[in-house]
Amino acid sequence: MTVIARRLAGHLARGLVMVLVVTTISFVIIRNIPGDPIAARYEKLIEQGMSPDQAERATAVLYGFMPKGTLWQQYVDYMTGLFTLDLGESLMTPGAQVTDVLFEATKWTVLPVLVGTLLSFLIGVMMGVYAAIKRSGKLGDVLAVSGSLLHGIPQYVLALLLGALFTTLIPILPSGGTADIMFEPGFNLDYIGSLIEHATLPVLTYALASYGGWILAMKSSVVTVLGDDFILAAELRGMKRGIIFRYIARNAILPLFTILALSLGLLFGGAIFIERIFNYPGLGLMLIDSITNRDFALMGGAFLLITVAIIIANIVADMLYTVIDPRVRSGEEVAR
Amino acid sequence: MTVETMPKAVPPVPSKTAPGVRVGGLSVVYKTSAGELPAIAGINLDLVPGTITGVVGESGSGKSTLALSLLNAVQPPGRIAAGSVEIDGLGDVVALRGEDLRKARGRHIGYVFQAAQNSLNPLKTVGKQLLDLGRSHGVSDLRALVREAKELLGRMGMDGARVLDSHQHELSGGMRQRVGIMLALVLNAHLVVLDEPTTALDMITQATILRIIREVHEERGLTTLVITHDLGVVAEVADRLAVMYGGRIVEQGPTREVLGGPRHPYTRGLLRAIPRLVGDIDEARALPGRPPTLGTVPREGCVFRERCPLRMDVCDTVEPLAIADGPRIVACHAVDAAAAKETKA
Amino acid sequence: MSDMNPAVALPGNTRATLRRNFWRGVWRVLKRKPSRMAGAIIVLAFAFMGVFGPMFYPDQLPRDDNALYAPPSWAHPFGTDFEGTDVLALVITGSQYVLLTGLVTAVITIVLGTGIGLFAGFRRGRWDSVLMRITDMKLTIPGLPLLLVLSTIWKFSSAWEMGLVLGLLGWGGVARAVRSQTLSLRERGFIEAARGLGLSTTHIIGRELLPSMAPFIAMNMLIAVTGAVYAQVGLFFLGVLPFEANNWGVMLNLAVFGGGALTTTAALPYLLAPLLAILLLTLGIVLVVDAMDEIFNPRLREE
């Protein structure tokens, strides 16, 4: 248990440093935006007849820190705001807290990402096992090559091709949004049907884009395990094929679970293209909108959230490994 | 025979259940880019029931391939090209396929891996793998199997319960080796093949393992084959000895006789290469040259001739036959010629 | 090149022979699978297009107001865009920015990544752990969101600038890989043996370590090129950068968000042309990397 606790502590410490780095980047960028929008806003409010005090406060609400004071003071202000989960107000949706806007968007990112990733993980892993076992055959070759090609194609190219195919050439799927506005949001069949219809292309793109990686990773993992002595040993002890297969599968999939946890974290930020193309109102689309609308509080918040997701995924991945691999649990470093 | 019916209190009567093994004309080839190359060719070897046979050879001599052949488990790209492996109570293993072959492995023939090799699933405890083994072979009383395993482990000087609860990485080399022996014997196999049982172990553990092999062999009435590159190991445990070179058995016979009066020039060279505690270190002389590999084994003639001090013209073209002289068998033209001279005189 | 340690350097002709054998090996591997030959040809064709392509066209591409979003024809193989400019011409002239960025990024990635990885792996100890911590951190920061955030203050108007930023963001993976390669060579006694022979550090790194890692680095370089191409085309496609240069990402953006290529068929050729270019480039590089894998990894040849 102490090993786990020590690893967790290390991760948390590193995570904290990462959060500091990322927020500092946001701060520096917001401070250095050409034209100094903060000062501009402050002056505009004064012009509109606000008292300096009021104007200062109003600006602080928007950007997370006061426009006055030394740089250091502003920085400390900004940071304390962040750590009390006060990210300021969004400019795009006046009066809305950044945290609320973020929460709303997260929902639309997490669900499709989760479904798409799990789907591609399951199929990719199975195909990977097959490609490994049949690696000298034609079909194994085809699987591996298709895997590397899909793995090599950038997500947005895939999304655009799928979009062009299913919304323009054969218009059977909607080209954007989360659901048809005709239907009342809620727990009714029409709305849910429309939700699924609209989520199909994003999910399909996630799934296809990551499928190639899974098949390649699983294939090489299985090939490695197949060469391990204990598989031959099990065979020579007359173990049943089913049991040997389970030995292979469990040992081969182990490193993939770590990648799975990591990729779930990465997809928080990796969904940007897909959300932009299919106009899906998740975190990625929000990040872009916040940049084009110069909504810097929201931008900083989204950037932070995406980073935190990755940090958490890192921790989860490592903890997962500790739980499922007895070698790590007892404190022994595994080379693989 | 199933585990439940095995008598526990009384040790089994030696030799009663030990099977004999007759390897006849066995050849194994490996597929390479240069075509199929023989790893072992025309091996004839009898394992007498209830004895320990040691097979000695340098790496690449084909001894591991021979060991795997006994279980019909030569790994691709290799395959058994000719010959048979007759095991009492099992028939010709080479002809076995599918389920029959799988059931023979583990239940009739136990195979013990080299200690340095990781022969256990790293993710499962020894006990769980034992249960997997039992289920694979249709053992109905798994409790009895566990009891038997604990007894065996206890017999080898280990805390059975603790070992069964351990993962591979928690065991030392010597412990792994004993677990390997346990897994080979727990289904009551009476033919046991040990591949390099002492390699990568320290001296004291080596001695312990060899003692255990000897004792378990006697107690359970086994037929045992030990594969090793170490003449010392053979001298310690084996009743009979076979020396392999270039995929052939060049000399075989009772251990004491072969070591006391080696006839094949290769056996002599091997013995001469061992430094002794007493005597001049300069007397220990390594064999000149290198052992052949798959690709460099001569296609015809004697495989040892390149390094042989007694090389004759006939060695280049004719492969020497294995000639029996009492219990001893040697395959060498020079030895034949000397013997012929002797009988003439 | 060879004046550093003449005593231990290979004689010139041996080196030349080695090199000749190497090229013969390359030729053999390419010949064995025609797909690889195709890959090499594709990559060379793109290089040619990037260097000389723009020379065939005037600075200001001609417009044809009578043929907006014209369908593919002999005159316009991929149709025209919203102002009646030939799409193929746009792809070809746009390739320069894209490929130049890719090249700049790859060079920076490789130089920084190899340098830092080598240094960390060679020195080990404190330097190693500090550098690797930094690398880990860099790998944790989400790249694309960071680029987007950076785009609020940086306009990436020239290919050089874009390449520089992408390169500075992208060396982490290579550094990690090079470090572990160095460590594994070290573990095999490679470096100690060279030390034992009295070779200098520069010689060990320059003559022993780097050559044995060169294929690996070369492969990473190709992968870095593709990565950079994707990243910057994507960045322009998202539309957060001002369109100052003509490139594939801008075309994609205008096709989808201006021309509505995902709802009407008119702008479809305009969308597909740059996509096809990206796919072809990917295919070419995947095939070449596959060939390199085999040239430098003889173990794979067996299977």
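Residue positions within a chain follow its written sequence, with the count starting from 1. Chains and ligands are labelled sequentially in the order written, the chains with letters from A and the ligands with numbers from 1. With pLDDT at 70 or above as the cut-off, local features in this predicted model cover only qualifying residues; side-chain atom pairs require 80 or more to be listed or tallied, and sums for whole chains, interfaces and linings still use all residues.

As annotated in an unreviewed UniProt entry, chain C is Peptide ABC transporter permease from Sinosporangium siamense.

By the naming in an unreviewed UniProt entry, chain B goes by ABC transporter ATP-binding protein and is assigned to Sinosporangium siamense. UniProt positions are given in the numbering used here, feature names are shortened, and annotations may be inferred rather than shown by experiment. Heading Sequence similarities (unreviewed entry) of the UniProt record for chain B holds this comment: "Belongs to the ABC transporter superfamily."

A separate point is the overall build of chain B. Scanning chain B from N- to C-terminus turns up 11 helices and 12 strands. For 345 residues, the compact-globule estimate of 2.2 N^0.38 gives 20 Å, and the C-alpha radius of gyration of chain B, at 21 Å, lies within 12% of that figure. With the principal axes as the frame, chain B shows a C-alpha extent of 65 × 50 × 40 Å. In chain B, which comprises 345 residues, the proportion classed as buried is 46%. We call two residues in contact when the distance between their C-beta atoms, placed using the backbone, is within 7 Å. Contacts in chain B between residues far apart in sequence, at least 24 positions, make up 64% of those at least 6 positions apart. Strands are runs of DSSP state E lasting at least two residues, helices are runs of H or I lasting at least four, and both sets are numbered from the N terminus onward. For this measure, only C-alpha atoms enter the radius of gyration; the expected value for a globule follows 2.2 Å times N^0.38, where N is the number of residues. Residue burial is a threshold on neighbouring C-beta atoms within 10 Å of the residue's own C-beta, all placed from the backbone, with 20 or more meaning buried, 12 or fewer meaning exposed, and counts in between meaning partly exposed.

A separate point is the overall build of chain C. Within chain C one finds 12 helices and 0 strands. Overall, chain C shows an N-to-C arrangement of helices and strands of α-α-α-α-α-α-α-α-α-α-α-α. A buried classification covers 41% of the 303 residues belonging to chain C. Sequence separation of 24 or more characterises 69% of the internal contacts of chain C that already satisfy a separation of 6 or more.

Turning our eyes to something else, we now look at the sheet that holds strand 9 (residues 240-245) of chain B. All names here are of chain B. Paired strands, as defined in this entry, are two strands with at least two bridges between them according to DSSP. Read from one edge to the other, the open sheet built from 8 strands follows the order 6-7-8-3-9-10-12-11, with strand pairing classed as mixed. At either end of the open sheet lies a strand with only one pairing partner, and these are strand 6 (109-112) and strand 11 (323-325). Averaged over all neighbouring strand pairs, the angle between strand axes comes to 20 degrees, with direction disregarded. When strand 7 (residues 191-195) meets strand 8 (residues 223-228), the two strands line up parallel, connected through 5 bridges. For helices, the axis comes from a line fit to the C-alpha atoms of the stretch in contact; other axes are also lines fit to C-alpha atoms, and the angle between any two N-to-C directions lies between 0 and 180 degrees.

The next subject is the UniProt feature "transmembrane region" (unreviewed entry) in chain C. Residue and element names in this part refer to chain C. As annotated by UniProt and renumbered to match this structure, "transmembrane region" (unreviewed entry) occupies residues 37-57, 97-122, 134-154, 217-241 and 267-289. The span residues 37-57 is 76% helix and 0% strand, and its two end C-alpha atoms sit 29 Å from each other. With 100% helix and 0% strand, residues 97-122 has its two end C-alpha atoms placed 37 Å apart.

Here the focus is the domain arrangement of chain B. For chain B, the domain assignment lists domain 1 (116-188) and domain 2 (262-344). A C-alpha centroid distance of 42 Å is found between domain 1 of chain B and domain 2 of chain B. Boundaries of every domain are those given by an automatic assignment or by a domain database.

Next up on the list: the interface of chain A and chain B. At the interface, 19 residues of chain A touch 24 residues of chain B. Those elements that place two or more of their residues in the side of chain A that touches chain B are helix 9 (229-236), helix 10 (241-270) and helix 14 (326-329) of chain A. With 5 residues, the single largest contributor to the side of chain A that touches chain B is helix 9 of chain A. Ten residue types, Ala, Val, Leu, Ile, Met, Phe, Trp, Tyr, Cys and Pro, are classed as nonpolar, four, Asp, Glu, Lys and Arg, as charged, and the remainder, Gly among them, as polar. For the side of chain A that touches chain B, the class distribution of residues is 7 nonpolar, 3 polar and 9 charged.

Across the boundary between the two partners, chain A contributes 41 residues, which contact 33 residues of chain C. Contributing elements (two or more residues each) for the side of chain A that touches chain C: helix 1 (2-32), helix 6 (138-152), helix 7 (155-169), helix 10, helix 11 (272-277), helix 12 (283-292) and helix 13 (296-324) of chain A. A per-element tally of the side of chain A that touches chain C places helix 7 of chain A first, with 8 residues.

Attention now moves to the nonpolar core. Among buried residues, those of type Ala, Val, Leu, Ile, Met, Phe, Trp, Tyr and Cys that are joined through C-beta atoms within 7 Å form a set called a nonpolar core. Counting residues in each nonpolar core, the largest one holds 246 residues, and the members touching the most others are Leu160(A), Leu287(A) and Leu271(C). Considering each element in turn, this core owes the most residues, 15 residues, to helix 8 (residues 189-226) of chain A.

Quick look at the environment of Val165(C) now. All names here are of chain C. Secondary-structure assignment places valine 165 in helix 6 (residues 159-170). For valine 165, a count of 23 C-beta atoms within 10 Å gives the class buried. As for valine 165 and threonine 101, which are separated by 64 residues in sequence, their C-alpha atoms are 9.8 Å apart. In this structure valine 165 touches Leu150, Trp154 and Phe156, once residues within four positions along its chain are discounted.

Below, the discussion takes up helix 6 of chain A. Residues and elements named next belong to chain A. Multiplying one less than the number of residues by 1.5 Å gives the expected span of a helix. Across its 15 residues, helix 6 extends 21 Å between first and last C-alpha, which sits within 8% of the 21 Å expected from 1.5 Å per residue. For helix 6, the complete set of buried residues consists of Leu143, Ala144, Gly147 and Leu150. Looking down the long axis of helix 6, one finds its buried residues gathered within 135 degrees of arc, a one-sided arrangement. Those residues of helix 6 that are exposed and angled more than 90 degrees off the buried face are Lys138 and Val142. Arc, as used here, means the arc of the directions from the helix axis to the C-beta atoms.

Moving on, we get to the sheet that holds strand 4 (residues 78-87) of chain B. Residue and element names in this part refer to chain B. Across the sheet, 4 strands lie side by side as 2-1-4-5; this open sheet has antiparallel pairing. Looking along the sheet, the strands with just one partner apiece sit at the ends: strand 2 (35-47) and strand 5 (91-92). Looking at chain direction, strand 1 (residues 21-32) and strand 2 are connected through 9 bridges and run antiparallel. Each residue of the ladder has a partner; that of leucine 26, found in strand 2, is isoleucine 43.

Glancing now at the pairing of strand 6 of chain B. Residues and elements named next belong to chain B. Here strand 6 shows two buried faces, one formed by Ile109 and Tyr111 and the other by Gly110 and Val112. Relative to strand 7, strand 6 is paired through 4 bridges, and the arrangement is parallel. Bridge pairing links glycine 110 to valine 192 in strand 7.

Residues and elements named next belong to chain C. It is the contact of helix 9 (residues 201-238) with helix 10 (residues 248-258), at a shortest axis distance of 7 Å, that shows an interaxial angle of 35 degrees. The two elements helix 9 and helix 10 cross, and the hand of that crossing is right-handed. Residues Gln232, Val233, Gly234, Leu235, Phe236 and Phe237 of helix 9 pack against Trp248, Gly249, Val250, Leu252 and Asn253 of helix 10. Classifying every residue of the contact of helix 9 with helix 10 gives 7 nonpolar, 4 polar and no charged. In this scheme the crossing of two helices becomes right-handed for a clockwise turn of the near helix relative to the far one and left-handed for an anticlockwise turn of less than a right angle.

Residue and element names in this part refer to chain B. Note the cis peptide between proline 76 and proline 77, where omega equals 10 degrees. Here proline 77 shows up in the loop between helix 1 (63-69) and strand 4. Its identity as a non-glycine residue notwithstanding, asparagine 72 has a phi of 50 degrees, on the positive side. Following the sequence through the fold, asparagine 72 ends up in the loop between helix 1 and strand 4. Of note in this structure, glutamate 196 is not a glycine but carries a positive phi near 45 degrees. Residue placement: glutamate 196 occurs in the loop between strand 7 and helix 7 (203-220).

With 92% of its residues at a pLDDT of 70 or more, chain B shows a mean pLDDT of 85. A low-confidence stretch, residues 1-16 of chain B stays under pLDDT 50, and its non-local contacts, those more than four residues away or across chains, total 25 contacts. What pLDDT reports is the predictor's confidence in each residue, on a scale of 0 through 100.

What follows concerns the environment of Leu279(C). Here Leu279(C) is to be found in helix 11 (residues 268-296). When the 18 C-beta atoms within 10 Å are taken as the criterion, Leu279(C) is described as partly exposed. Filtering out sequence-adjacent residues up to four positions away, Leu279(C) remains in contact with Ile153(A) and Val157(A).

So, on to helix 12 of chain A. Judged by how many residues are buried, helix 12 of chain A sits mostly within the fold: 8 of 10 residues are covered. Just past helix 12 of chain A, the residue Arg294(A) takes up positive phi, approximately 55 degrees.

A separate point is the confidence of the model for chain C. All names here are of chain C. In the predicted model, chain C carries a mean pLDDT of 77, and the fraction of residues at 70 or more is 85%. Taken element by element, the predicted model of chain C shows its lowest mean pLDDT in helix 12 (residues 298-302) (46) and its highest in helix 3 (residues 87-123) (86). The low-confidence segment residues 1-12 (pLDDT under 50) makes 7 contacts with residues lying over four places distant or belonging to another chain. A low-confidence stretch, residues 299-303 stays under pLDDT 50, and its non-local contacts, those more than four residues away or across chains, total 5 contacts. Reported confidences for the modelled complex are a pTM of 0.76 and an ipTM of 0.84.

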